[in-house]
Amino acid sequence: MARRVAFVNNKGGVGKTTTTIRLAEALAKAGHRVLVVDLDPQGNASRRLGWSYDADAPQLTISEAIQADQEGVAAQVIQPIGWDVEYASRMALCPARLELENRMAEAGVAGAWRRLAKALTGADDTFDYTLIDCPPSLFHLTQLGLAAAHHVVAVTEPEYDSVEATTRVRDFIGKRAADLANPDLELVGVIINAMQNLASHAAQRDSVRELFGGLVWDPIVKHRSLLVDADGDEVPLTEIRGEKAGDVRATYELLAQRFVKAVPAA
């Protein structure tokens, strides 16, 4: 079984999706086999990995896998990503589109929060890691991801609201993991994203370190327009050019090394 890691924050716009796909990319470059599960109905991870929905030849998505409520059914929705680079062969995707919102209506169904775990059972055995990009909430879709995951990584900007939302993630895991039949779930890392040379950012960075101690991973991800452009253009970091391109790539490669230390492959 792959080691499953949910990327979570209770606030949107913190760079969670960017972090998920760029860590997946760095892990694949390092030789690991990585599955990305897009659990956000916005489908941003799917788009940025080069996937698009074809209405003339409809593809199954993670929504259908969850709805099926059957063990291993996620194998039917795993697809290659759309990047044309060598290491893309070690990456795959369970894509999402807006229809995933419909699964929210199942929140009151007995055992529904276990459906992603069931769908992935056996389906991700050929991967080293499954990275789950959760929506910016702690409600049903995120609970599906938490119930399926072995570990959690929180992504935060050095902003007060984002840091507060990260503490809610930590507290939710501590109080509710057992309710999700996943009592061993643990927060293993906090990644600070979009750091700028601002006094307020420095203060919030220090606050994160005080709150989470050794869980804070280095390096901190600096705000870079190159990274924003790569996400918008749906391209891997190996294709970006510019004065800071090497720094951007190095940041995620170092974070991938930190990831592997925190989450050794099975």
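Here goes a summary of the coordinates provided. In this text the structure is predicted, and so the values were computed from the model without any measurement.

Before going further, it helps to examine the overall build of the protein chain. Within the protein chain one finds 9 helices and 7 strands. For 266 residues, the compact-globule estimate of 2.2 N^0.38 gives 18 Å, and the C-alpha radius of gyration of the protein chain, at 17 Å, lies within 12% of that figure. Considering only C-alpha atoms, the protein chain reaches an extent of 50 × 45 × 35 Å along its principal axes. The proportion of buried residues among the 266 residues of the protein chain is 55%. The contacts in the protein chain between residues at least 6 apart in sequence include a share of 81% that link residues at least 24 apart. Accessible surface, the protein chain: about 11,100 Å² in total, of which carbon and sulfur atoms supply 47%. Separation of charge centres in the protein chain, based on 28 positive and 36 negative side chains, amounts to 4 Å.

We now examine the environment of Arg-97. Mapped onto the elements, Arg-97 comes out in the loop between strand E4 (91–94) and helix H4 (115–120). Judged by relative accessible area, Arg-97 falls into the partly exposed class, the value being 32%. Taking the C-alpha atoms as reference, Arg-97 lies 9.2 Å from Ser-52; in sequence the two are 45 residues apart. Apart from residues no more than four positions distant in its own chain, Arg-97 is found in contact with Pro-41, Tyr-53 and Thr-61.

The next subject is empty space enclosed by the protein. Enumeration over the complete set of coordinates arrives at 1 cavity of 30 Å³ or more. The calculated volume of the largest cavity comes to roughly 40 Å³. Contributing to the lining of the largest cavity are Arg-22, Glu-25, Ala-26, Lys-29, Leu-237, Arg-249, Tyr-252 and Glu-253. If you list the elements that add at least two residues to the lining of the largest cavity, you get helix H1 (16–29) and helix H9 (245–262). The element best represented in the lining of the largest cavity is H1, accounting for 4 residues. Looking at the lining of the largest cavity residue by residue, the classes come out as 3 nonpolar, no polar and 5 charged.

Next up on the list: the sheet that holds strand E6 (residues 151–156). With mixed pairing, the 7 strands of this open sheet are ordered in space as E3-E4-E2-E5-E1-E6-E7. Lying at the two open borders of the sheet, with one neighbouring strand each, are strand E3 (79–80) and strand E7 (186–192). As paired strands, strand E1 (residues 3–8) and E6 are joined by 4 bridges and run parallel to one another. Bridged to Phe-7 within E6 is Val-153. Sheet contacts for helix H5 (residues 140–148): E1, strand E5 (129–133) and E6; angle to E1, the most-contacted strand, approximately 150°. H9 contacts E1, E5 and E7 of the sheet and is inclined by roughly 110° relative to E5.

Parameters and conventions
- Residues numbered from 1 in each chain as written.
- Predicted model: local features only at pLDDT ≥ 70, side-chain atom pairs only at ≥ 80, totals over all residues.
- Heavy atoms only, no water.
- Helix = DSSP H or I, 4+ residues; strand = E, 2+ residues; numbered from the N terminus.
- Rg over C-alpha atoms; globule rule 2.2 N^0.38 Å.
- Buried < 20%, exposed > 50% of the residue type's maximum accessible area, 1.4 Å probe, protein only.
- Contact = heavy atoms within 4.5 Å.
- Areas by Shrake-Rupley, 256 points an atom, 1.4 Å probe, with all protein chains shown as cover.
- Lys, Arg positive; Asp, Glu negative; His and termini not counted.
- Charge placed at Lys NZ, Arg CZ, Asp CG, Glu CD.
- 1 Å grid on protein atoms, 1.4 Å probe; cavity = no way out; pocket = protein on both sides within 12 Å on 5 of 7 lines; lining within 4 Å.
- Points joined across faces, edges and corners; volume = space filled by probe spheres on them.
- Nonpolar A, V, L, I, M, F, W, Y, C, P; charged D, E, K, R; others polar.
- Pairing = 2+ DSSP bridges.
- Axes fitted to C-alpha atoms, helices over the stretch in contact; angles between N-to-C directions.

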